[in-house]
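Survey of secondary and tertiary structure
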Amino acid sequence: MPRPLGELEDAVMTRVWKWNRPVTVREVLEDLQRERSIAYTTVMTVMDNLHHKGWLRREVQGRAYRYAAVSTRAAYSAALMNEAWSTSDNPAAALVAFFGMMSEEQRDALRDAMRVAQLGEPGESPGESGR
């Protein structure tokens, strides 16, 4: 199960996920430098660590590596939610509390996701809208 990414790891992965293509350390560095002062070697180390942790795959291109995400941000988020939920001593109560924190827009997204997963809502046929 994945542990949460650190702040700089998340900043790197956010770019890789957003760009959705193989990227170089230099590309990530240049984008990060718009927000903060950071060294090439720092970004290179973070991306190498993410590769060794299984978050990035890499291929040699010329004298540099090109890195690509192994999975999506959605899969990462889902794994974190599943980990948090499964460690609860009362999963039903944890879900009730989580749902209580959601905005109406998030609850709508949850309903849509349940329909896509063909779980439906109680008393509802797949494809019916409970709204």
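Residues numbered from 1 in each chain as written. Predicted model: local features only at pLDDT ≥ 70, side-chain atom pairs only at ≥ 80, totals over all residues. Heavy atoms only, no water.

In the annotation of an unreviewed UniProt entry, the chain is listed under the name BlaI/MecI/CopY family transcriptional regulator and assigned to Streptomyces botrytidirepellens. The Sequence similarities (unreviewed entry) comment attached to the chain in UniProt states, word for word, "Belongs to the BlaI transcriptional regulatory family." (UniProt positions renumbered as here; feature names shortened; annotations may be inferred.)

1. Focus on the pattern of salt bridges
Any two side chains of opposite charge can pair, so long as their charged atoms come close to each other. Applying the stated criterion across every chain, the model contains 13 salt bridges. A salt bridge links Glu9 to Lys53, with the shortest nitrogen-to-oxygen separation between them at 2.5 Å. In this pair, Glu9 sits in helix H1 (residues 7-19) while Lys53 sits in the loop between helix H3 (40-52) and strand S1 (56-61), placing the two residues 44 residues apart along the sequence. Here Arg15 and Asp31 are joined by a salt bridge, their closest N and O atoms 2.7 Å apart. Residue Arg15 is found in helix H1, and its partner Asp31 is found in helix H2 (residues 25-32); the two are separated by 16 residues along the sequence. Each member of the salt-bridge network shares a partner with another, and the members are Arg15, Asp31, Arg34 and Glu35. (Salt bridge = Lys/Arg side-chain N within 4 Å of Asp/Glu carboxyl O. Helix = DSSP H or I, 4+ residues; strand = E, 2+ residues; numbered from the N terminus.)

2. Quick notes on the layout of surface pockets
By volume, the largest pocket amounts to about 370 Å³. As for the largest pocket, its lining consists of Ala78, Met81, Asn82, Ala84, Trp85, Ser88, Ala94, Leu95, Phe98, Phe99, Met102 and Leu110. Sort the elements by how many residues they give to the lining of the largest pocket and helix H4 (residues 73-86) lands first, with 5 residues. Of the voids in this model, the second largest pocket is the one considered here, and its volume is about 150 Å³. Lining the second largest pocket are Thr24, Val25, Arg26, Tyr40, Met44, Arg63, Ala64, Tyr65 and Tyr67. Residue assignment for the lining of the second largest pocket shows that the elements contributing at least two residues are H2, H3 and strand S2 (64-69). Top contributing element to the lining of the second largest pocket by residue count: S2, with 3 residues. Of the residues assigned to the lining of the second largest pocket, the class counts are 6 nonpolar, 1 polar and 2 charged. (1 Å grid on protein atoms, 1.4 Å probe; cavity = no way out; pocket = protein on both sides within 12 Å on 5 of 7 lines; lining within 4 Å. Points joined across faces, edges and corners; volume = space filled by probe spheres on them. Nonpolar A, V, L, I, M, F, W, Y, C, P; charged D, E, K, R; others polar.)

3. Looking at a nonpolar patch on the surface
Taken together, the side chains of Met81, Phe98 and Phe99 define a hydrophobic patch exposed on the protein surface, amounting to about 270 Å² of accessible area. Mapping Met81 onto the fold places it in helix H4. (Patch = residues over 30% accessible without salt bridge, like charges linked within 9 Å, V, L, I, M, F, W, Y side chains within 5 Å. Areas by Shrake-Rupley, 256 points an atom, 1.4 Å probe, with all protein chains shown as cover.)

4. Thoughts on the confidence of the model for the chain
The pLDDT averaged across the chain works out to 88; a share of 89% of its residues lies at or above 70. Ranking the helices and strands of the chain by mean pLDDT puts H2 first, with 98, and H4 last, with 88. Overall, residues 126-131 carries pLDDT values under 50, and its contacts beyond four positions in sequence, including any with other chains, amount to 10 contacts. (pLDDT = per-residue confidence, 0-100. Contact = heavy atoms within 4.5 Å.)

5. Focus: the side chain of Thr24
Positionally, Thr24 belongs in the loop between H1 and H2. Each residue touching Thr24, except ones within four places of it in the same chain, is listed here: Met47, Tyr65 and Arg66.

6. Structural notes on the packing of H2 against H3
As a packed pair, H2 and H3 sit with axes 9 Å apart at the nearest point and diverge in direction by 120 degrees. As the angle between them shows, H2 and H3 are arranged oblique. Handedness of the H2/H3 crossing: right-handed. Of the residues in H3, those touching H2 at Val25, Arg26, Val28, Leu29 and Leu32 are Tyr40, Val43, Met44 and Met47. Residues of the contact of H2 with H3, tallied by class, amount to 8 nonpolar, no polar and 1 charged. (Axes fitted to C-alpha atoms, helices over the stretch in contact; angles between N-to-C directions. Parallel < 35°, antiparallel > 145°, perpendicular 65-115°, else oblique. Left-handed = near helix turned anticlockwise from the far one by under 90°.)

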